[in-house]
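Here is what each chain is made of, one letter per residue.
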Amino acid sequence: MSSTVEGQTLRKTALNALHRSLGAKMVDFGGWDMPVEYPSSGGLMKEHLAVRTGVGLFDVSHMGDILLRGPGALEATQWISMNDASKLQEGQAHYSALLYPEGGFVDDVIVHKLGNNDYLLVINAGTREKDYGWVKKNVSRFHLHADDVGDYYTQIAIQGPQAEATLQKLTNVDLSQIKNYWFKHGTVCGLPNTMIARTGYTAEDGFEIYVPSDVATSERVWNEVMAAGKEFGAIPCGLGARNTLRLEGRMALYGHEISDTINVWEAGLDRFCKMDKGDFLGRAALEKAKAAGLTRTLVGLEAVDRGIPRDGYKVCDAAGAEIGYVTSGSYAPFLKKNIALAYVPPAHAALDHEVFVEIRGQKVKCKVAPTPFYKRAKKA
Amino acid sequence: MAYPKDFKYTKEHEWIQVTGNTATVGITSHAQESLGDIVFIELPKVGAQLAAGKSFGTVESVKAVSELYAPASGKVTAVNDALNQTPEDVNKDAHAAWMIKLELSNPAETSGLLSADDYEKYVAEEK
């Protein structure tokens, strides 16, 4: 396995040596040398199930972070992102996206309101430089600083029904008081003022913590969380499980369900796009696109016949004509089915409608399935 | 990893056990390990004619699709259909979880394949 791509050195998180010492299978993910699965955890399937039934740990330090700070921070956030950041309270976060004037996605983001003049955007790893450049350019007329603070943090995701019980042992913050998509600052593993967010990318309950990115601190926190979760069967989880978990939960992945050539309406992310909040980048194009109507829409597919629909495979109608393509597809470890997300014309999007995914020359029957494929039970 | 001495191996990570002019074929322990959790296996039908070095099916893990290559030419005489239901058997014991049986059309072909020792060396170099 090569550690360089086209002469470029892969970037490493502070936990890289730890992943390697655990024997993780490493891959190039958006220019980062990241663990895809840990044979020592029992592999992808075990990792996926640990998050659904117990608790799993992910190193997500490759994610980027952009801090918008200054009196114009809210105005700038409103201009560059599609959700309504004015509705956020201090300590609250929401899913949003950065859009091009043409209506396509620059990236999807989680916007955190740290304070009245202080917003944190958590962005994708593979788009960090692009996003930061784009943000900097588009907020220049507002009164604020935009800083790329991604390298300051090791971000660890603790995910699963036992995430709260695991992390509670290590912090003075009452985690039961943090609602989904809210966050607090407190002491974690002896580190004061650590951000603890009830967020994740697994369609499961869980937290993401942001700790200083030096190797010693990062490894110490990782190991302490692992030890705290031991009684719940905590295991390290890689990007492979992260992908199948998010797919079961129908969460978009940049470059798959969303991209610069796909718009919000097609991706079905309407509820995160607030057209009435005032003008924002991409709004005019979205208005036009809405008036023109949809030519394709994102649907869930479940394979009826044997076969695994995968990213990029063609979707055909009953007559064999190509009507769309799969954006993400996999065996779903918890649901034990072969599932996919795909773009098809609205005429083919009704539930239970039959379509055919071309797998190595064969047309495999699939049906349109409700999404999210997996939804966690609400707490009583 | 113990690679049975009475098997021969391909550089594409299949094993073949030859008895006279019949043979049994599967994938190696190294192959299942690098694939990870195997969730889908597609095999030919009984009666299919295979050509040495050509694809005869696929094996899929959660993450990836891999082709299966015939270690030798011949006619498929049996298929391990149980693997449709329990593809994970290949992860559990790749050298026991056979995939197909062949009637070899040219048993001499298999003399060019790797011995257990050579395969082990080959895998070590590949890492």
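Note that the coordinates shown come from a computational prediction; the quantities given were computed from them, not determined experimentally.

(A) Summary view of the overall build of chain B. Each helix and strand counted, chain B has four helices and nine strands in total. Reading the helices (α) and strands (β) of chain B from amino to carboxyl end gives β-β-β-α-β-β-β-β-β-α-α-β-α. In summary, chain B has a C-alpha radius of gyration of 13 Å against a globular reference of 14 Å for 127 residues, a match within 12%. Oriented by its inertia axes, the alpha-carbon framework of chain B measures out at about 35 × 30 × 20 Å. The buried share among the 127 residues of chain B stands at 48%. Here chain B holds 11 positive side-chain charges and 19 negative ones, and the gap between their average locations is 3 Å.

(B) Representation of helix 7 (residues 239-248) of chain A. All names here are of chain A. By the criterion of burial, helix 7 is predominantly enclosed, with nine of the ten residues buried. Those residues of helix 7 that sit buried are Leu239, Gly240, Ala241, Arg242, Thr244, Leu245, Arg246, Leu247 and Glu248. Structurally, helix 7 contributes buried residues whose contacts are with strand 3 (25-29), strand 4 (32-37), helix 2 (44-53), strand 5 (56-59), strand 18 (322-332) and strand 19 (337-344).

(C) Highlighting the interface of chain A and chain B. Facing the 18 residues of chain A at the interface are 17 residues of chain B. The junction of chain A with chain B conceals about 1,400 Å² of combined surface from both sides, 49% of it contributed by carbon and sulfur atoms. For the chain A face of the interface with chain B, the top three residues by lost area are Arg306, Arg310 and Arg360 of chain A, together amounting to 42%. Counting every contact that joins chain A to chain B gives three salt bridges. The salt bridge involving Glu60 of chain B is made with Arg310 of chain A; its shortest N-O contact spans 2.8 Å. Breaking the side of chain A that touches chain B down by element, the ones donating at least two residues are strand 4, helix 2, helix 7 and strand 18 of chain A.

(D) Representation of the sheet that holds strand 7 (residues 65-69) of chain B. Residues and elements named next belong to chain B. Spatial ordering of the open sheet is given by 4-6-7, a layout of three strands whose pairing is antiparallel. Of all the strands in the sheet, just strand 4 (38-42) and strand 7 have a single pairing partner and so form its edges. Sheet twist, expressed as the average angle between the axes of neighbouring strands with direction ignored, equals 25 degrees. Bridge count for strand 6 (residues 55-61) against strand 7 is five bridges, and the pairing is antiparallel. Bridging across to strand 7, Val59 finds its partner in Ser66.

(E) Main features of the packing of aromatic side chains. Residues and elements named next belong to chain B. Counted according to the given criterion, the structure contains ten aromatic pairs over all chains. Taking the centre distance of 5.1 Å and the plane angle of 75 degrees together, the rings of Tyr3 and Tyr119 count as edge-to-face. Highlighted residues: Tyr3 in the segment before strand 1 (8-9) and Tyr119 in helix 4 (residues 116-126), separated in sequence by 116 residues. Residue Tyr3 is classed as buried on the basis of its relative accessible area, which comes to 8%.

(F) Examining the packing of helix 2 of chain A against helix 7 of chain A more closely. All names here are of chain A. Axis separation between helix 2 and helix 7 bottoms out at 8 Å; the angle between their running directions is 50 degrees. Judged by the inter-axis angle, helix 2 sits oblique to helix 7. In this structure, the crossing between helix 2 and helix 7 has a hand that is right-handed. Counted together, Leu44, Glu47, His48, Val51 and Arg52 of helix 2 and Gly240, Ala241, Thr244, Leu245 and Glu248 of helix 7 form the full contact between these two elements.

(G) Inspection of the pattern of salt bridges at higher detail. All names here are of chain A. The tally for this structure, following the rule as stated, stands at 25 salt bridges over all chains. A salt bridge links Arg11 to Glu129, with the shortest nitrogen-to-oxygen separation between them at 3.4 Å. Here the residue Arg11 occupies a position in the loop between strand 2 (8-9) and helix 1 (16-21), and Glu129 occupies one in helix 4 (residues 128-138), the gap between them amounting to 118 residues. Note that Lys337 is salt-bridged to Glu302, the shortest N-O span being 3.6 Å. Remark: Glu302 occurs in strand 16 (residues 297-303) and Lys337 occurs in strand 19; sequence separation between them is 35 residues. For Glu302, a relative accessible area of 18% corresponds to the buried category. Shared partners join several salt bridges into a network, and the residues in it are Arg11, Arg128, Glu129 and Asp151.

What counts as what
- Residues numbered from 1 in each chain as written.
- Chains lettered and ligands numbered in written order.
- Predicted model: local features only at pLDDT ≥ 70, side-chain atom pairs only at ≥ 80, totals over all residues.
- Heavy atoms only, no water.
- Helix = DSSP H or I, 4+ residues; strand = E, 2+ residues; numbered from the N terminus.
- Rg over C-alpha atoms; globule rule 2.2 N^0.38 Å.
- Buried < 20%, exposed > 50% of the residue type's maximum accessible area, 1.4 Å probe, protein only.
- Lys, Arg positive; Asp, Glu negative; His and termini not counted.
- Charge placed at Lys NZ, Arg CZ, Asp CG, Glu CD.
- Contact = heavy atoms within 4.5 Å.
- Buried area = accessible area lost by both parts, 1.4 Å probe.
- Salt bridge = Lys/Arg side-chain N within 4 Å of Asp/Glu carboxyl O.
- Pairing = 2+ DSSP bridges.
- Axes fitted to C-alpha atoms, helices over the stretch in contact; angles between N-to-C directions.
- Phe/Tyr/Trp six-rings, centres within 6.5 Å; stacked < 30°, edge-to-face > 60°.
- Parallel < 35°, antiparallel > 145°, perpendicular 65-115°, else oblique.
- Left-handed = near helix turned anticlockwise from the far one by under 90°.

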